[in-house]
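Chain by chain, the residues:
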Amino acid sequence: MLVFAKKKSVQQKIESLKKATSIGFVPTMGALHKGHLSLIERAKKENDLVVVSVFVNPTQFDKQEDLINYPKTIEKDLSLLKSVFCDIVFAPSAHEIYANNITSQAFDFDGLEFQMEGKFRTGHFDGVGTIVKRLFEIVKPTKAYFGEKDFQQLQIIRTMVKKHQIPVKIVGCDIYREDDGLAMSSRNTRLTKAHREAAPFIYKTLKQAKVKFGTENALDVVGWVENEFKKQPLLELEYFEIADEETLQTIKNKDIKQKYRAFIAVFAGEIRLIDNISL
Ligand code: AMP
């Protein structure tokens, strides 16, 4: 496994290997867990060469304290990456990516950026678009792998690639969960014991909402979920929405031809957790 911190050196290495190979790329912010590894394993199966980036992107954090407290475990990450036979790791500094200008490019994601996470995390998706576009320019992958855990992000990246005509295939990957159903996240390590014990309630409620959506209208399901969370002293619901998978617009009436998904954000103490389920 080769590890690079400089754009130029990783680019040169990839260029020298590219001629005969397809490149699978998995962008991450490190603090790796089995969810990340499942993306890397899929990329291994579908490509000759796998590149993983580890970079805590400052421009996608709307709160400075969240950036400061984001777990950073590069040594452990590198040994995990080695264990899944990752070929190339790109772990740059913020200066290497942004020089002295840590700001985002402004994007138009056809309105996807104003839904859900966009309402609560100002500038977040401009930050995501900025870093992913830059990483794509450096790595020039054949396929790039993103988790459905961040479903809105996945749809936004698909839109960016289409609009900017970036020649890469975006692959969405299933959400990897703990045995008790909690979606794996680098943030889970920061939960207190009590919050960690309460957190599986999020996916349990999503599954129940899915069943209810079979027979009830969306508004009633939303009302039911909001009520369930009122009974949970350790979990504070930020939003629960049922939305169209393509437009991410909240639905008013069910149309059997459309695909829907339920999206949720919850505070477990200081830690913000997100999850979603296909309906
Ligand atoms: P992050 O390091 O949180 O930016 O995540 C890097 C990539 O891994 C993103 O595409 C995430 O959607 C994906 N990812 C994170 N957690 C999971 C999970 N539990 N299951 C599947 N993919 C995940």
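Shown above is the structure to which this text applies.
J.: Is there a simple way to think about the site of the ligand in this case?
T.: Taken together, 17 residues lie near the ligand, and Met29, His36, Asp150, Tyr176 and Met184 sit nearest. A distance of 2.6 Å separates an oxygen atom of the ligand from a polar side-chain atom of Asp150. Here Met184 contributes a backbone N or O atom positioned 2.8 Å from a nitrogen atom of the ligand. In isolation the ligand has 480 Å² of accessible area, and contact with the protein removes 92% of it. Among the elements that line the shell around the ligand, the one with the most residues is helix H2 (residues 34-46), at 3 residues.

J.: Would you mind showing me how to read the layout of surface pockets here?
T.: Which parts of space are left empty comes out when a probe the size of a water molecule is rolled across the atoms. Its boundaries defined by the atoms lining it, the second largest pocket holds a volume of some 200 Å³. The wall of the second largest pocket is formed by 14 residues, among which Ala31, Leu32, His33, Ser185 and Thr189 lie closest to the centre. In terms of residue class, the lining of the second largest pocket is built from 4 nonpolar, 6 polar and 4 charged. When residues of the lining of the second largest pocket are assigned to domains, at least three fall in each of domain 1 (2-173) and domain 2 (186-278).

J.: It is not clear to me how empty space enclosed by the protein should be interpreted in this structure. Could you clarify?
T.: A complete count under the given rule lists 1 cavity of 30 Å³ or more for this structure. Taken together, Lys149, Leu182, Ala183, Ser185, Asn188, Ile202, Leu273, Ile274 and Asp275 form the lining of the largest cavity. Looking at the lining of the largest cavity, the element that brings in the most residues is strand E9 (residues 271-278), giving 3 residues. Looking at the lining of the largest cavity residue by residue, the classes come out as 5 nonpolar, 2 polar and 2 charged.

J.: Is there a simple way to explain helix H8 (residues 151-163) in this structure?
T.: Side chains three or four residues apart in an α-helix point the same way, a direct result of the helix having 3.6 residues per turn. Between its first and last C-alpha, H8 extends 18 Å over 13 residues, near the 18 Å set by a 1.5 Å rise per residue. Every buried residue belonging to H8 is among Phe151, Gln152, Gln153, Leu154, Gln155, Ile156, Ile157, Thr159, Met160 and Val161, and all of these are buried. At the exit of H8 stands Gln165, carrying a positive phi of roughly 45°.

J.: In this structure, what is going on with the sheet that holds strand E8 (residues 260-268)? I would like to understand it.
T.: Sheet strands associate in pairs through backbone hydrogen bonding, adopting either a parallel or an antiparallel arrangement. A sheet is described by the order of its strands in space; here 3 strands give the open sequence E7-E8-E9, paired in antiparallel fashion. Two strands lie at the open edges of the sheet, namely strand E7 (235-244) and E9, each paired on one side alone. With strand direction ignored, the average angle separating the axes of adjacent strands in the sheet is 15°. Pairing between E7 and E8: 9 bridges, direction antiparallel. Across the sheet, Ile242 pairs through a bridge with Ala262, a residue of E8. In the packing of helix H10 (residues 201-213) onto the sheet, contacts are made with E7, E8 and E9, and the angle to E9 comes to roughly 30°. Along the sheet, helix H11 (residues 218-230) contacts E7 and E8; its crossing angle with E7, the most-contacted strand, is approximately 165°.

J.: Mind showing me how you'd approach unusual backbone geometry here?
T.: A negative phi angle characterises most non-glycine residues, just as the trans form characterises most peptide bonds. Phi at Asp110 takes a positive value of approximately 60°, unusual for a residue other than glycine. One can find Asp110 in the loop between helix H5 (94-98) and helix H6 (117-120). By relative accessible area, which is 55% here, Asp110 ends up exposed. If you check the backbone angles, Lys140 has positive phi at about 50° while not being a glycine. Of note, Lys140 is situated in the loop between helix H7 (124-139) and strand E5 (143-147). Judged by relative accessible area, which is 36%, Lys140 ranks as partly exposed.

Here is what the cut-offs are and how they apply
- Residues numbered from 1 in each chain as written.
- Predicted model: local features only at pLDDT ≥ 70, side-chain atom pairs only at ≥ 80, totals over all residues.
- Heavy atoms only, no water.
- Near = heavy atom within 4 Å.
- Polar contact = N/O pair within 3.5 Å; in protein donor to acceptor, adjacent residues only side chain to side chain.
- Areas by Shrake-Rupley, 256 points an atom, 1.4 Å probe, with all protein chains shown as cover.
- Helix = DSSP H or I, 4+ residues; strand = E, 2+ residues; numbered from the N terminus.
- 1 Å grid on protein atoms, 1.4 Å probe; cavity = no way out; pocket = protein on both sides within 12 Å on 5 of 7 lines; lining within 4 Å.
- Points joined across faces, edges and corners; volume = space filled by probe spheres on them.
- Nonpolar A, V, L, I, M, F, W, Y, C, P; charged D, E, K, R; others polar.
- Domains from an automatic or database assignment.
- Expected span 1.5 Å × (residues − 1).
- Buried < 20%, exposed > 50% of the residue type's maximum accessible area, 1.4 Å probe, protein only.
- Pairing = 2+ DSSP bridges.
- Axes fitted to C-alpha atoms, helices over the stretch in contact; angles between N-to-C directions.
- Contact = heavy atoms within 4.5 Å.

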